[in-house]
Each structure stands twice: as structure tokens, then as C-alpha cells.
Amino acid sequence: PAIRKAVRALLKRADVDAVLVTGGTGVAPRDVTPEALAPLFTRELPGFGELFRAKSVAQIGAAAWLSRASAGVAAGRLLVMLPGSTPAVELALESLLLPELAHAVRLLGRFQP
């Protein structure tokens, strides 16, 4: 409930175009971020998680399939759930998010080109 409440508060802010959260996307009992935030999605973007896991194989091998990293649209904004490890966040930012973030946010009508 605390995770969902914090993200909902961010999604209500006019100056927020995207929300990125880290941690809690694995399979351990403590990893509850997807369960907390998936109900906020109005649209899922399964390609993000698929591509993230494919790229993660080079870093961590077959354990990449244990990640539940995902993305979607929530309240008209991009919502991305990343693992908590620094290398995983760097991988996602450098190879997936930063190259397409402005484009994705623009597609959601958050700002003009």
C-alpha cells in the first residue's frame, strides 16, 4: 500500500511526465512492486520488460528471466518498474529508457516536440 500511495501522489503532479521506481521486481517474498503498481496501469508496455530481460542476459545470464521489470501507462504518464541493482538500472537507463524517454512521453501527449 505504501508503494502504491507514493506513486499515486507522483502521478497526480502536473510536473511529472514519467515515474521510475527501483527495487522489488524479483521473485523473493519481499518483492511486491509489480503487485503494488500493476493495478495503476491503464495500458501495459510488455516490450519494455521483454527487451530488458533480453539485454540482461549478457550481464547476469539465465537469471534474467527472474526479473519482473515492466512498464506501462498510468494516469497518462509512463510508469517504469526496474530492479534494485545498480547495474540493472544503468542497463535500463542507457540502453532502453534514455534513448526513447522523450519520444514515449511525447506520444502520451505530455509535451510537444
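Residues numbered from 1 in each chain as written. Predicted model: local features only at pLDDT ≥ 70, side-chain atom pairs only at ≥ 80, totals over all residues. Heavy atoms only, no water.

Chemist: Requested: an account of the pairing of strand S3 (residues 70-74), with residues and values cited.
Modeler: With five of its five residues buried, S3 lies for the most part within the structure. Of the two faces of S3, the one lined by Ser70, Gly72 and Ala74 and the one lined by Ala71 and Val73 are each fully buried. Of the strand pairs in this sheet, strand S2 (residues 43-44) and S3 are connected by two bridges, and their pairing is antiparallel. The residue of S3 that forms the bridge with glutamate 44 is glycine 72. The sheet contact formed by S3 and strand S4 (residues 77-82) spans five bridges and is antiparallel. Residue pairing for S4: alanine 71 is matched across the bridge by valine 80. (Buried < 20%, exposed > 50% of the residue type's maximum accessible area, 1.4 Å probe, protein only. Helix = DSSP H or I, 4+ residues; strand = E, 2+ residues; numbered from the N terminus. Pairing = 2+ DSSP bridges.)

Chemist: How would you explain the pattern of salt bridges if you had to name every residue and give the values?
Modeler: If you walk through the whole model with that rule in mind, you get three salt bridges. With a shortest N-O distance of 2.7 Å, arginine 13 and aspartate 15 are connected by a salt bridge. Note on aspartate 15: relative accessible area 52%, which makes it exposed. Glutamate 35 is the partner of arginine 68 in a salt bridge, and the nearest nitrogen-oxygen pair spans 2.5 Å. Here the residue arginine 68 occupies a position in the loop between helix H3 (46-60) and S3, and glutamate 35 occupies one in helix H2 (residues 33-37), the gap between them amounting to 33 residues. Judged by its relative accessible area of 26%, arginine 68 is partly exposed. Note on glutamate 35: relative accessible area 44%, which makes it partly exposed. (Salt bridge = Lys/Arg side-chain N within 4 Å of Asp/Glu carboxyl O.)

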